[in-house]
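Spelled out, the chains give:
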Amino acid sequence: MTESDALLEVNGLKTHFFTPDGVVRAVDGVDLTVPRARTVCIVGESGCGKSITSRSILRLIDPPGRIVDGEIVWRGGQQSGRTPGDGAAVDLVSLDPDGERIRRIRGNEISMIFQEPMASLSPMYTVGAQMIETIRLHRSMSKDEAREHATAMLARVGIPQPERRIDAYSFQLSGGMSQRVMIAMALACQPDLLIADEPTTALDVTTQARILDLIRELQADTHMSVLFITHDLGVVAELADDVVVMYLGTVVETGSVDDVFHDPKHPYTRALLRSIPTMGRGTRERLPSIRGMVPHPSQRPPGCPYHPRCDEAIAGRCDQEDPPVVALGPRRTARCVLYDPSGGPPGPSPASAGASGTAEAGMEDTP
Amino acid sequence: MLKFVGRRTLYMVPTLLAISVVIFVVINLPPGDYVTSLVAELRGQGQVVSMERERGLRELYGLNRPLWEQYVAWVSDLLRGDLGRSFDLQQPVAEVIRERLPITVALAGVTLLFTWIVAFPIGVYAAVKQYSIGDYLATTFGFLGLAIPNFLLALLLMTVSVQYFGYVPEGLCSPEYCDASWNLGKVLDALKHWWLPVIVIGTAGTAGLIRILRANLLDELRKPYVVAARARGVPKRRLVARYPLRVAMNPFVSTVGWVLPLLLAGDVIVAQILSLPTLGRVFLTSLQQQDMYLAGSILMIYSLLTVIGTMISDLLLAWLDPRVRLGYQ
Amino acid sequence: MSEGTPTTTEHSASQARLVWWNFRKHKLAVTGAVVTVAFFLIAIFAEFLAPFSPGRVNEEYTYAPPQIPRIVDTSGESWDWGLHVYGYSAEQDPETLRVTYTTDETQKIPLQFFAKGEEYKLFGLIPWDRHLIGPANPDDPMYLLGSDGTGRDQLSRLMHATRISMTVGLVGVALAFLLGVTLGGISGYFGGRVDTFIQRFIEFVMSIPTLPLWLGLTAAIPVTVGPVKRYFLISVILAIIAWTTLAREVRGRFLALRNEDYVTSAWLDGSSRRRVMFRHMLPSTTSHLIAALTLSIPGVILAETALSWLGLGLQAPVVSWGVLLIDAQSVRVISHAPWLLLPGLAVVIAVLALNFVGDGLRDAADPYRS
């Protein structure tokens, strides 16, 4: 994998919330890569920091939250006329979150859709007014041109009678319709990357499937990349090229969808996959679940965050040292001592000092 | 929209009728009537008042008829614009009101404007810069403004005015300017007299509005559509102004409904201290002397103003908020 | 989760305890609560805490300025310890003939804790004659917060007024609460046509301008009515208007609760209407109700003050904050005796304290929010 293949690269991202009750380390060292024209799914239980990660990318974290460490390298901006590979890389963390540059990226180079489509549209303006506003923010178009473009986009996402719906208010639309509108709005400026933060969670199952189909179809057409956040492994299987598994603010495993589903490495991923109900399993059998509960991020256990629930935890090691990120192949990592090549006796090891450093070193080693 | 206006206007009629019943009950609550107190007063002055004379007076004022007849008579008189005669001022009530209503409404209007102009920027600032020093100041002001009885504020400001400016701003104009046509001197004179009642009457409303606007705006700022708009690259200033503020404006518009009664009430109290030529003072005197017909008529006028205010604010709200207009929520 | 892990016990804290935890974090609210309790203590023990009775007139000391209690007397050769205040000397303006009092450092009036003074009945039952603080010689002048135009002690009057003003607030709100909870509860519980009717009624009551109506009603109280009855009638009048907001609050809560799963399940379990309402719905609104209740007391206190000040509310010899403020009607009196505005300060502090408590409670009432 060459450098320019990576559209977005997140290295050692840490986003913490400084609440009166203590520091909540919602995202605590996340590394991930979104290659061009591919779909990456971040999967994890609620509270694992996947939404915060996606919002950190667009710098949408409000106080008391703050990105305390890491970099977010963006190599986009190509679709808007420039030749591929030509866009200079920019570290989004270094930008002013209210500044001009990040605003040009938001909604233009990187778009985002959200969990609650109805609530994500302002009830005070028509759908069209909000779309036209977005388009005119990023493209120099007259109001009429923008309206025409918006109508075309609505038609594109499969909204019947787009000429009429463009003048509707969000509360007059169904959830599925609203999400289509959100998608139309997100894609209106042909972004390089679409971040979808659990876009189907609030929708019923049939609508969910249609929205997923729509996203897949649009992705194939436009060659944009998609960063899809979900807790639903079924969605991951259907949509993803690559998978990022998160637990309590850290990435525990990454890999292609086939690798992760057929050969899960991290004990957490394995447990997660075991808990999916499958057809044909003995009806009297109890569905395995992961024991214990996800601790609150402010009460994160020392060492590997997963060790209190892990069946393979090594006493004296997992509860003390940060597990290293081990590269297992091209774009394949697991953050677990079980795969640590240095093995090493129990106790703090020097390798754990820089988790992200290890990951990069590993990736360069493999080809 | 036209239908909405029509329905809303029609809705006023039963409300006003019901209010008139309540007011009529209030008018008739005190034991005895005007004649009783008149006779008592005359006797107190050493005059001999015979029972026949008393009965004659009752007949003259129509006080011997059954209550419901008195009510019907009162309402139909009201509708004809005949508000009866003030027993005490020896003047038709309509005339008293005509003299004083315009200045009362003007004072309320200016105060409402003052309330908006002050509350709007402060409320928005406090919400956008939550937990800043400015926010704490605004919050403190919001609390204090609602905690100080307005007559106390009037007394304090008057003391300050005497101490530092050397005058007590009584009335709404100095005698030499009251009947003068508008010129610079009159404008200055008006400013000199109006600032105090406007501040005193407006403070509670301003404080309330700041609190409401701040709370609403904070609520709205946390809504998903704000993040979504930011994720589309809408600049922050424009974002606040266009999205949440539009929703948070609702209480502002509704103020016409609830600030108006507050302003009128403030007028009753402040007029007493500052001897303003407004309805408030007449109302208070009429109550103190149990001149219930005059009091009732003024109360009716107050209610009418409030009902009209509420209607205006409802219409504005519908115009502003599509959810109200289209009958959602 | 069969093993009793420590986290499970933590999660089983009662609603009241959760609210308390949240409330405690709110510093202003706790301060407000302390002040409120202090006010109520003054109201309960007014006779004992006040050095004199509120009606005690002393024509010799009109508009006497406040004295500052001192512990040590340095005027003599040696330091003389003992709590005392300075006496007054009178001065007459030759033109206006007005007498002004100033503190006179040559006179020393010793003070005493648990001083013997006027007799009273504590709680209306126990006869006693001790006061928390007072002059050693009961005839000496002691005006820690100054005196009014007839030489009555402002401090004593303020304490007795606290009793009346705070209780008018409580009684008024209690009555309003009965009305509000009943109508609001019915409205929210049954919904539908009953709800619409009650809502229309509430809107109607709210559309009448409050203070003028209050004034109208109080003016309608015959002048001849005795103080106790008048006090009660005023409370009723204040309640008549305060109940609407409470009713709305209760209704809103009930409407929201009706859709909660546990209410539905109580229904499906075959609980009776009454049981669902009183056993399941009311307790979970308690903290909200207490918050709404606390927040409506200040309004009643302010209304009573305004009414009394206008001469239409409570009337002398009953002392309330509003009644006391009648003495401070003109700028001249205020610049001459600014301490007469102290009851106003009491109003402001009480209203602020109650507002802080109410706000804190309201924020704490949803322990699971945020």
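Predicted model only: the values in this text are computed from it and were never measured. Within each chain, residue numbers correspond to sequence positions counted from 1 in written order. As a convention, the first chain written is A and the first ligand written is 1, with the rest following in written order. The predicted nature of this model means local features are confined to residues of pLDDT at least 70 and side-chain atom pairs, given and counted, to a pLDDT of 80 or more, with totals for whole chains, interfaces and linings taken over all residues. Neither water nor hydrogens contribute to the side-chain values; these are computed over all heavy atoms in the structure.

Turning next to the overall build of chain A. Helix and strand assignments follow DSSP, with helices taken as H or I runs no shorter than four residues and strands as E runs no shorter than two, numbered in order from the N terminus. Within chain A, the regular secondary structure consists of 11 helices and 12 strands. With 367 residues in all, chain A has 52% of them scored as buried. By the convention used here, residues are in contact when the closest approach between their heavy atoms is within 4.5 Å. Considering only residue pairs separated by 6 or more positions, chain A has 64% of its internal contacts joining residues 24 or more positions apart. To be clear on the numbers: accessible area is Shrake-Rupley with a 1.4 Å probe, and residue cover counts the displayed protein chains and nothing else. As displayed, chain A has an accessible area near 15900 Å², and 51% of this comes from carbon and sulfur atoms. Any residue under 20% of the maximum accessible area for its type is buried, any over 50% is exposed, and the rest in between are partly exposed; the area is computed with a 1.4 Å probe on protein chains only.

Residue and element names in this part refer to chain C. The sites that UniProt annotates as "transmembrane region" (unreviewed entry) are residues 28-50, 164-189, 201-225, 231-248, 281-301, 307-326 and 338-358. Secondary structure over residues 28-50 splits into 91% helix and 0% strand, and the C-alpha atoms at its two ends are 28 Å apart. With 40% helix and 0% strand, residues 307-326 has end C-alpha atoms that lie 11 Å from one another. UniProt positions are given in the numbering used here, feature names are shortened, and annotations may be inferred rather than shown by experiment.

With that out of the way, let us pick up helix H7 (residues 210-219) of chain C. Among the 10 residues in H7(C), 9 count as buried, and that is most of the element. Of all the positions in H7(C), only C:Leu211, C:Pro212, C:Leu213, C:Trp214, C:Leu215, C:Gly216, C:Leu217, C:Thr218 and C:Ala219 are classed as buried.

On to the sheet that holds strand S1 (residues 6-19) of chain A. Residue and element names in this part refer to chain A. Any two strands are treated as partners once DSSP identifies two or more bridges connecting them. With antiparallel pairing, 4 strands are arranged side by side in an open sheet as S2-S1-S4-S5. Either end of the sheet is taken by a strand with one partner, and the two such strands are strand S2 (22-35) and strand S5 (90-91). Sheet topology note: the strand S4 (residues 65-74)/S5 ladder contains 2 bridges and is antiparallel. Bridged to Val 73 within S5 is Asp 91.

So, about the domain arrangement of chain C. On domain assignment, one finds that chain C holds domain 1 (63-148) and domain 2 (169-313). Centre-to-centre separation of domain 1 of chain C and domain 2 of chain C, based on C-alpha positions: 46 Å. An automatic or database domain assignment provides the domain bounds reported here.

Attention now moves to the pattern of salt bridges. Between side chains of opposite charge, pairing is possible as soon as their charged atoms come close. Residues and elements named next belong to chain B. What makes a salt bridge here is a side-chain nitrogen of Lys or Arg within 4 Å of a carboxyl oxygen of Asp or Glu, nothing more. Applying the stated criterion to the full structure yields 24 salt bridges over all chains. Residue Asp 135 is joined to Arg 214 by a salt bridge in which the shortest nitrogen-to-oxygen separation is 2.7 Å. With a gap of 79 residues between them, Asp 135 in helix H6 (residues 133-147) and Arg 214 in helix H9 (residues 184-221) connect regions that are remote in the sequence. Comparing Asp 135 with Arg 214 shows no difference in burial state: the two are buried.

All names here are of chain A. Within strand S10 (residues 250-256), 6 of the 7 residues are buried, leaving the element largely enclosed by the surrounding structure. Pairing between strand S9 (residues 242-247) and S10: 6 bridges, direction antiparallel. Opposite Met 246, over in S10, you have Val 251 as the bridge partner. The hairpin turn running from S9 into S10, its antiparallel successor, is 2 residues long, and Leu 248 in that turn takes a positive phi close to 50°.

Through backbone hydrogen bonds, the strands of a sheet pair up, either in parallel or in antiparallel fashion. Residue and element names in this part refer to chain C. Strand order in this open sheet of 4 strands is S1-S2-S3-S4, and the pairing throughout is antiparallel. Here the strands that pair on one side only, and so sit at the sheet edges, are strand S1 (70-73) and strand S4 (126-135). Across the sheet, the mean angle from the axis of one strand to that of its neighbour is 55°, orientation sign disregarded. The axes used here are C-alpha line fits, helices contributing only the stretch in contact, and every angle between their N-to-C directions lies in the interval 0 to 180 degrees.

Residues and elements named next belong to chain A. Structurally, chain A comprises domain 1 (1-109 + 191-367) and domain 2 (119-190). Carbon and sulfur atoms supply 65% of the area that domain 1 and domain 2 bury against each other, a total of about 1400 Å² over both sides. Summed over both partners, buried area is the accessible surface (1.4 Å probe) that two parts give up on being assembled. By the criterion of area lost to domain 2, the three top residues of domain 1 are Pro 191, Leu 214 and Leu 218, representing 32% of everything that side buries. For the pair domain 1 and domain 2, the interface holds 1 salt bridge. Across the salt bridge formed by Asp 221 and Arg 156, the nearest N and O atoms sit 2.8 Å from each other. As used in this structure description, the phrase polar contact means that two N or O atoms lie within 3.5 Å; if the pair is within protein, one of them must be able to donate a hydrogen and the other to accept it, and residues adjacent in sequence are counted only when both atoms belong to side chains. In this structure, the connection of domain 1 to domain 2 is made through 4 residue pairs in polar contact (both at pLDDT 80 or more).

Another point: the interface of chain B and chain C. In this assembly, 39 residues from chain B lie in contact with 36 residues from chain C. Summing the contributions of chain B and of chain C, the shared interface buries around 3300 Å²; its carbon and sulfur component is 81%. On the chain B side of the interface with chain C, the three residues burying the most area are B:Phe143, B:Phe151 and B:Leu155, jointly 17% of the side's total. Notably, a salt bridge pairs B:Arg211 with C:Asp359, separated by 3.2 Å at the nearest N-O pair. The interface formed by chain B and chain C holds 1 residue pair in polar contact (both at pLDDT 80 or more) in total. Take the side of chain B that touches chain C: its biggest share by element is 7 residues, from helix H7 (residues 150-165) of chain B.

For the rest of this paragraph, the subject is the pairing of strand S11 (residues 325-329) of chain A. Within a regular beta strand, the side chains point alternately toward one face of the sheet and then the other, so they alternate between its two faces. Residues and elements named next belong to chain A. Pairing of S11 with strand S12 (residues 332-335) involves 4 bridges; the strand directions are antiparallel. Paired with Val 326 across the bridge in S12 is Ala 334. Between S11 and S12, which pair antiparallel and follow one another directly, the connecting turn spans 2 residues, one of which, Arg 331, has a positive phi of 50°.

Contacts between chain A and chain B engage 31 residues on the former and 23 residues on the latter. For the pairing of chain A and chain B, the buried interface totals around 2500 Å² over both sides, and the portion due to carbon and sulfur atoms is 59%. On the surface where chain A and chain B come into contact, there are 2 salt bridges. Put simply, B:Arg238 and A:Glu133 hold a salt bridge, and the shortest N to O gap is 3.0 Å. On inspection of chain A and its partner chain B, the count reaches 6 residue pairs in polar contact (both at pLDDT 80 or more). With 6 residues, the single largest contributor to the side of chain A that touches chain B is helix H3 (residues 127-138) of chain A. Of the residues belonging to the side of chain A that touches chain B, the class tally is 16 nonpolar, 7 polar and 8 charged. Three classes are used, and their members are as follows: Ala, Val, Leu, Ile, Met, Phe, Trp, Tyr, Cys and Pro are nonpolar, Asp, Glu, Lys and Arg are charged, and the others, Gly among them, are polar.

Residue and element names in this part refer to chain A. Even without being a glycine, Arg 59 presents a positive backbone phi close to 60°. Residue position: Arg 59 is located in the loop between helix H1 (50-57) and S4. Of note, His 223 is a non-glycine position whose phi angle comes to about 60°, a positive value. Locating His 223 in the fold gives a position in the loop between helix H7 (205-222) and strand S8 (225-230). A residue is classified by how much of its surface remains accessible, and His 223, at 55% relative accessible area, is exposed.

In a soluble, globular protein the nonpolar side chains are often hidden away together inside. Take the buried residues of types Ala, Val, Leu, Ile, Met, Phe, Trp, Tyr and Cys, join any two whose side-chain atoms come within 4.5 Å, and each joined set is a nonpolar core. In terms of nonpolar packing, the biggest core is built from 140 residues, with B:Trp74, B:Phe151, B:Phe283, C:Leu215 and C:Trp321 touching the most fellow members. The element that contributes the greatest number of residues to this core is helix H14 (residues 292-320) of chain B, accounting for 14 residues. Beyond its immediate chain neighbours, meaning those up to four positions away, B:Phe151 contacts B:Ile269, B:Ile273, C:Thr305, C:Ala306, C:Trp309 and C:Leu325. Of all hydrophobic cores here, the second largest spans 92 residues; its members include A:Leu173, A:Ala188, A:Leu248 and A:Cys304.

A separate point is the side chain of A:Gln208. Residue and element names in this part refer to chain A. Along the polypeptide, Gln 208 turns up in helix H7. Gln 208 sits in the buried class, given a relative accessible area of 15%. A polar contact of 2.9 Å, which involves the side chain of Gln 208, links it to the backbone oxygen of Thr 200. Excluding residues within four positions of it along the chain, Gln 208 makes contact with Thr 200, Thr 201, Leu 203 and Asp 232.

Residue and element names in this part refer to chain B. Interaxial distance between helix H1 (residues 2-28) and H14 falls to 10 Å at its minimum, and their mutual angle equals 155°. Relative to H14, H1 is oriented roughly antiparallel. The element H1 and its partner H14 pack so that their crossing is right-handed. Grouping the amino acids of the contact of H1 with H14 by side-chain chemistry returns 19 nonpolar, 6 polar and 2 charged. By the definition adopted for this analysis, an angle is roughly parallel if under 35 degrees, roughly antiparallel if over 145, roughly perpendicular if from 65 to 115, and oblique otherwise. Less than a right angle of anticlockwise turn of the near helix away from the far helix marks a crossing as left-handed, whereas a clockwise turn marks it as right-handed.

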